[in-house]
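The lines below spell out each chain.
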Amino acid sequence: MSTIHIDIVSAEHEIFSGEAEMVFAPALLGEMGIAPGHTPLVTQLAPGEVRVKHVDGKEEGFYVSGGLLEVQPKVITVLSDTAMRAEDLDEAAVLKAKEEAERQLHDREAGMDYATALAENAELAAQLQAIQRLRKRAGRG
Amino acid sequence: MAVGKEVRTKIASVKNTQKITKAMEMVAASKMRKAQERMRAARPYAEKIRNVMAHLGAANPEYKHPYLLERSEIKRVGLIVVSSDRGLCGGLNSNLFRDLLKRMKQWDESGIEMDLSIIGNKAASYFSRFNANIIAQKTHIGDAPGIDMLIGSVKVMLDAYMEEKIDALYVVSNTFVNSMTQSPTVEQLIPAKSAEDEDMQHHWDYIYEPDAKEVLDLLLERYIESLAYQAVVENIACEQAARMVAMKSASDNAGTLIDELQLIYNKARQAAITQELSEIVSGAAAV
């Protein structure tokens, strides 16, 4: 009985890795079953369940909220999204990130002042050094 | 006996501080272990994507995604700056900012403008004071951020790149060398180095659903996001490691301080006893 290796990974952790007799995945254009020796394929996944049929005939399901599926004759890779992703949801996240930046910076002037930044950084470093020197001297005395 | 009351209070207060720093040290140590695990757990995803990208690159070399193309003229760059949310972690953030400022100054001198996307409180408060051009910001990501927290900050930059507002994208963060060493790095995300696989000589292509371009676009977007996520998780591990070291040295310093104060206190007490004795003796002699 031939088997196919399947890896299910998300950006945050590895979800499953092992041998399977057959794999069912919710592709964007409809549910598909993949048997060993399938022709190479890349497809986008819709939210749903990736079902892995183990060698002993048991089935195990993994929920994915979208992602990508890559099939090669002997290996299947599922790159799963853990977060709910949709164009408008992503846009909302973008807007939120922008808003947060704007809220803090509404009264700034044009152009970044590197001189001040560097000077301030140097000043801090000098202060730190001074403290260390003082501490050393105190330790000796 | 009311000798050295101030010294005693001082010792008590330093002891309390030492308890806090010790507790923080231990908390940071355990959080660091967890952060390191998360760092490791995030690796397979990026590796797998890189593999698929290599396959795709070999299968259809005619389509190059914009993220893989180097632009001839760079007028403006995007920077994703990753920092910690909290302080008390030694020189971690200020080392990173110093390195970054040097780079920014170079860019500025060669006429390249910069857009910043900020992750973490410390960078937000630092760069907002210097009129940096911050276009997006995300703070309070916590100890175990999900990738969903970063989508906004990364996508802002990806969109800017596609609209040709920026011509390159960098991520600025600390890399975890070991628990004693963290090194600040500025790493290029876009144009991404295309993953070339040497031993892929035979020609075959995938079946694409819905179509090649869409799949590739999605893949590259996820890839860049996963790199950014990796940087954030790694930075958290760095933060905890740096905090652990800083708190350990603070506890040690408190220990030496306590010893010194104890010595002063003992001397004062001894002096008081001696004085009292000599007073009694001379009093008896006078009778």
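Okay, so let's go over this structure. Please read all numbers here as calculations on a predicted model, not as lab measurements.

## With respect to the overall build of chain B
Line of reasoning, step 1. For chain B, the helix and strand inventory stands at six helices and six strands.
Line of reasoning, step 2. Secondary structure elements of chain B, listed N to C terminal, follow the sequence α-α-β-α-β-α-β-α-β-β-β-α.
Line of reasoning, step 3. Against the globule reference of 19 Å for 287 residues, chain B gives a C-alpha radius of gyration of 28 Å, more extended than a compact globule.
Line of reasoning, step 4. Seen through its principal axes, chain B has C-alpha atoms that stretch 115 × 40 × 30 Å.
Line of reasoning, step 5. Across chain B, contacts joining residues at least 24 apart in sequence account for 79% of those joining residues at least 6 apart.
Line of reasoning, step 6. Of the charged side chains in chain B, 35 are positive and 38 negative; the average position of the first set lies 11 Å away from that of the second.

## A closer look at the environment of Glu-239 of chain B
All names here are of chain B.
Line of reasoning, step 1. With respect to the helices, strands and loops of the structure, Glu-239 is situated in helix H6 (residues 212-286).
Line of reasoning, step 2. Along the primary structure Glu-239 and Gln-182 are separated by 57 residues, whereas in three dimensions their C-alpha atoms are 8.8 Å apart.
Line of reasoning, step 3. Once residues within four sequence positions are removed from consideration, Glu-239 is found in contact with Ser-84, Arg-86, Cys-89 and Leu-92.

## Some thoughts on the sheet that holds strand S2 (residues 113-119) of chain B
All names here are of chain B.
Line of reasoning, step 1. One open sheet accounts for five strands, arranged S3-S2-S1-S4-S5; its pairing is mixed. The open sheet terminates on both sides in strands that have one partner only, identified here as strand S3 (134-138) and strand S5 (182-190). The average undirected angle you get between the axes of adjacent strands in this sheet is 20°.
Line of reasoning, step 2. In this sheet, S3 lies alongside S2 in parallel orientation, the contact comprising four bridges. Within the sheet, the bridge partner assigned to Ile-119 lies in S3 and is Lys-138.
Line of reasoning, step 3. H6 rests against strand S1 (76-82), S2, strand S4 (168-176) and S5 of the sheet, and its axis sits at about 30° to S4.

## Considerations on the interface of chain B and chain A
Line of reasoning, step 1. Each partner contributes residues to the interface: chain B has 58 residues there, and chain A has 52 residues.
Line of reasoning, step 2. Both sides of the chain B and chain A interface together cover about 4800 Å² of buried area, and 61% of this is carbon and sulfur.
Line of reasoning, step 3. Between the two partners, chain B and chain A, sit two salt bridges.
Line of reasoning, step 4. A salt bridge links Lys-48 of chain B to Asp-7 of chain A, with the nearest nitrogen and oxygen atoms 3.5 Å apart.
Line of reasoning, step 5. Along the contact surface separating chain B from chain A lie seven residue pairs in polar contact (both at pLDDT 80 or more).
Line of reasoning, step 6. Mapped onto the side of chain B that touches chain A, the elements with two or more residues apiece are helix H1 (5-41), helix H2 (43-59), helix H3 (92-109), helix H4 (121-128), S3, helix H5 (151-162), strand S6 (207-209) and H6 of chain B.
Line of reasoning, step 7. Ranked by residue count, the leading element in the side of chain B that touches chain A is H6 of chain B, at nine residues.
Line of reasoning, step 8. Partitioning the side of chain B that touches chain A into residue classes produces 31 nonpolar, eleven polar and 16 charged.
Line of reasoning, step 9. Judged from the three bridges that link them, strand S5 (residues 41-53) of chain A and S6 of chain B form a sheet pairing that is parallel. Bridged to Leu-41 of chain A within S6 of chain B is Ile-207 of chain B.

## A closer look at the pattern of salt bridges
Line of reasoning, step 1. Applying the stated rule across the entire model yields 15 salt bridges over all chains.
Line of reasoning, step 2. Arg-243 of chain B is the partner of Glu-239 of chain B in a salt bridge, and the nearest nitrogen-oxygen pair spans 3.0 Å. Note that Glu-239 of chain B and Arg-243 of chain B are positioned in helix H6 at a spacing of four residues, about one turn of the helix.
Line of reasoning, step 3. By relative accessible area, Glu-239 of chain B is classed as buried at 7%.
Line of reasoning, step 4. Residues joined by salt bridges that share partners form a network here, namely Glu-31, Arg-51 and Glu-59 of chain A.

## Here we look at H1 of chain B
Residue and element names in this part refer to chain B.
Line of reasoning, step 1. Given a rise of 1.5 Å per residue, 37 residues ought to cover 54 Å, and the 54 Å separating the end C-alpha atoms of H1 matches this to within 8%.
Line of reasoning, step 2. Listing the buried residues of H1 in full gives Val-7, Ile-11, Val-14, Gln-18, Thr-21, Glu-25, Ala-28, Ala-29, Met-32, Ala-35, Gln-36 and Met-39.
Line of reasoning, step 3. As for H1, its buried residues are in contact with H2, S4 and H6.

## Topic: the side chain of His-65 of chain B
All names here are of chain B.
Line of reasoning, step 1. Positionally, His-65 belongs in the loop between H2 and S1.
Line of reasoning, step 2. A relative accessible area of 3% places His-65 in the buried class.
Line of reasoning, step 3. A polar contact of 2.9 Å, which involves the side chain of His-65, links it to the side chain of Asp-217.

What counts as what
- Numbering of residues starts from 1 in every chain and runs along the sequence as written.
- To label them, take the chains in the order written and letter them from A, then take the ligands in the order written and number them from 1.
- In keeping with the predicted nature of the model, local features appear solely for residues at pLDDT of at least 70, side-chain atom pairs appear and are counted solely at 80 or more, and the whole-chain, interface and lining totals rest on all residues.
- For side-chain calculations, the full set of non-hydrogen atoms in the structure is used, while hydrogens and water are omitted.
- Helical segments are the DSSP runs of H or I of at least four residues, strand segments are the runs of E of at least two, and each set is numbered from the N terminus.
- The size measure is the radius of gyration over C-alpha atoms, and the globule rule it meets is 2.2 Å times the number of residues to the 0.38 power.
- Here, two residues are considered to be in contact whenever any of their heavy atoms come within 4.5 Å of each other.
- Counted charges follow a simple rule, with Lys and Arg positive, Asp and Glu negative, and His plus the chain ends left uncounted.
- By convention, the point assigned to a charge is CZ for Arg, NZ for Lys, CD for Glu and CG for Asp.
- Two strands qualify as a pair provided that DSSP identifies no fewer than 2 bridges between them.
- With axes taken as lines fitted to C-alpha atoms, and helix axes fitted only over the stretch in contact, angles between N-to-C directions fall between 0 and 180 degrees.
- Accessible area, probed at 1.4 Å, shrinks when two parts are joined; the buried area is that loss added up over both.
- Salt bridges are defined as contacts in which a side-chain nitrogen from Lys or Arg sits within 4 Å of a carboxyl oxygen from Asp or Glu.
- Pairs of N or O atoms within 3.5 Å make up the polar contacts considered here, provided that, within protein, one atom can donate a hydrogen while the other can accept it, and that residues adjacent in sequence are counted only when both atoms are side-chain atoms.
- By the convention adopted, Pro, Cys, Tyr, Trp, Phe, Met, Ile, Leu, Val and Ala count as nonpolar, Lys, Arg, Asp and Glu as charged, and the other residues, Gly among them, as polar.
- Only protein chains enter the accessibility calculation, which uses a 1.4 Å probe; a residue is then buried when its area is under 20% of its type maximum, exposed when over 50%, and partly exposed in between.
- What a helix is expected to span follows from its residue count: subtract one and scale by 1.5 Å.

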